[in-house]
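A structural walkthrough
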Amino acid sequence: MSKKPYHDIPGTTIFDPAMALMGYHLNQFAISLMKAENRDKFKANERAYLDEWEMSEEQKQAVLARDYNWMMSLGGNVYFLAKIFSTDGLSFQVAAASMTGMTQEEYAQMMLDGGRKPEGNLYKQEQHNG
Amino acid sequence: MAKITAGVATSHVPAIGAAIDLGKTEQPYWQPVFKGYEYVKQWIKEQKPDVIFLVYNDHATAFDMNFIPTFAIGCAPEFKPADEGWGARPVPTVKGHPPLAAHITQSLIQDNFDLTVINKMDVDHGLTVPLSLVFGQVEEWPCLIIPFAVNVVLYPPPSGQRCYDLGKALRKAIESFPEDLNVQVWGTGGMSHQLQGPRAGLINQAFDNDFLERIVDKADELAQVPHINYVREAGSEGIELVMWLIMRGALNDDVELKHRFYHVPASNTAVGHLVLENKGD
Ligand SMILES: [Fe+2]
């Protein structure tokens, strides 16, 4: 398959139709958590609730580990996955920080300082983050 | 006849809604954000629009993976604020304008913009945060609102050019409606932000300020910017900015810039805001 034009954007997963196909059941599981009764079921027994969905074992492991980068590599979309970290009582900023390898404090300070700078973060070959 | 008099653009960060709902607007973190909206709060009281055509996107709230319309128009008499997972925002129900929405649907589809019609939908922070920023905390929204949802969650969203052209067709649609109505078009979302992956937190002030500059009087040039530039330079979620081009396309070529505001950060996001009036009206 030819390379997508965004393959060289560092640290970024573009949720395109191929990813959406892979992540269908994972995302549908996540959005089910908008309902309080489903949140309760999930919290009571995460594994049992996940087993009600046609997700791959790896997708289930990624959810149990709350590894959002892993979930996104398996087709998760951040707006859907937001229902999982909301169920955990976490904000978007805390969840975003967890995906960067920074502590929540470091991440919050980076945002106060004007956010992650574009310099060095637009193309993979020049990437040095921070 | 109905007339489009003005456009408003604003970011719609959910944390801004939470700050309003929880009474945190005077806190040092939030105070500079809300200061940027003092102008529009006064301005809207003088403008008194009858209807706002509000362009926004749903964030995996009303639309799950089963249905993902690219352009969807809300034709219902009312739309409830959605429970996005932590209870619905304490804001009024949004009242629509079904006859105008039906007229716009007819006109846009005949102009080759194939819309999805929505007759039942809850609206999320993408729509309600801009209303709160402009109208504040109110018992009832002071005008009718037609929600217009654009897919920016599943890549690719519509192109900037497509959005800009839709705006132009929208103007024709609205201004052929026989009732005398003062109509505003709002574009929401952005500015630069990325909520996911190791690059989360990306903010590109140069990109944002160039966008704020060019959308005023070089919009036809700005409309040609391809998707890849948005996602690379403004972050994977910064692509929401294409929605502002619908607003801009619906206005005259000549507009008067009444207010421009930019601030970093609100949570993970750069906040941008414009008030534009049609010239010569
Ligand atoms: Fe958004």
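Below: a short report on this structure. These numbers come from a predicted model, not from an experiment.

1. Focus: the interface of chain B and chain A
The interface is formed by 41 residues belonging to chain B together with 45 residues belonging to chain A. Summing both sides of the interface, chain B and chain A together bury roughly 3700 Å²; the carbon and sulfur share of this comes to 61%. If you look at where chain B meets chain A, you find one salt bridge. Among the ionic pairs, Arg232 of chain B bridges to Asp8 of chain A, the shortest N-O distance being 3.0 Å. Inspection of the region where chain B meets chain A yields 22 residue pairs in polar contact (both at pLDDT 80 or more). Elements with a contribution of two residues or more to the side of chain B that touches chain A: helix 9 (227–233) and strand 9 (255–266) of chain B. When residues of the side of chain B that touches chain A are assigned to their parent elements, the largest contribution, four residues, is made by helix 9 of chain B. Tallied by class, the residues present in the side of chain B that touches chain A amount to 18 nonpolar, 15 polar and eight charged.

2. Some remarks on the environment of Asp124 of chain B
All names here are of chain B. Within the element layout of this structure, Asp124 appears in the loop between strand 6 (116–118) and helix 5 (125–135). The contact partners of Asp124, leaving out residues within four places of it in the chain, are Tyr56, Asn57, Asp58, His59, Thr61, Ala82 and Glu84. A distance of 2.8 Å separates polar atoms of two side chains, one belonging to Asp124 and the other to Thr61.

3. Notes on the packing of aromatic side chains
A full pass over the atoms with the stated rule returns 19 aromatic pairs over all chains. A ring pair is formed by Phe42 of chain A and Tyr49 of chain A, whose centres lie 6.1 Å apart and whose planes are at 65 degrees; its orientation type is edge-to-face. By relative accessible area, which is 0% here, Phe42 of chain A ends up buried. Owing to a relative accessible area of 3%, Tyr49 of chain A belongs among the buried residues under this scheme. Ring geometry for Phe135 of chain B versus Trp141 of chain B: centroids 6.3 Å apart, planes at 50 degrees, classification tilted. Trp141 of chain B carries the same exposure label as Phe135 of chain B, and that label is buried.

The rules we used
- Residues numbered from 1 in each chain as written.
- Chains lettered and ligands numbered in written order.
- Predicted model: local features only at pLDDT ≥ 70, side-chain atom pairs only at ≥ 80, totals over all residues.
- Heavy atoms only, no water.
- Contact = heavy atoms within 4.5 Å.
- Buried area = accessible area lost by both parts, 1.4 Å probe.
- Salt bridge = Lys/Arg side-chain N within 4 Å of Asp/Glu carboxyl O.
- Polar contact = N/O pair within 3.5 Å; in protein donor to acceptor, adjacent residues only side chain to side chain.
- Helix = DSSP H or I, 4+ residues; strand = E, 2+ residues; numbered from the N terminus.
- Nonpolar A, V, L, I, M, F, W, Y, C, P; charged D, E, K, R; others polar.
- Phe/Tyr/Trp six-rings, centres within 6.5 Å; stacked < 30°, edge-to-face > 60°.
- Buried < 20%, exposed > 50% of the residue type's maximum accessible area, 1.4 Å probe, protein only.

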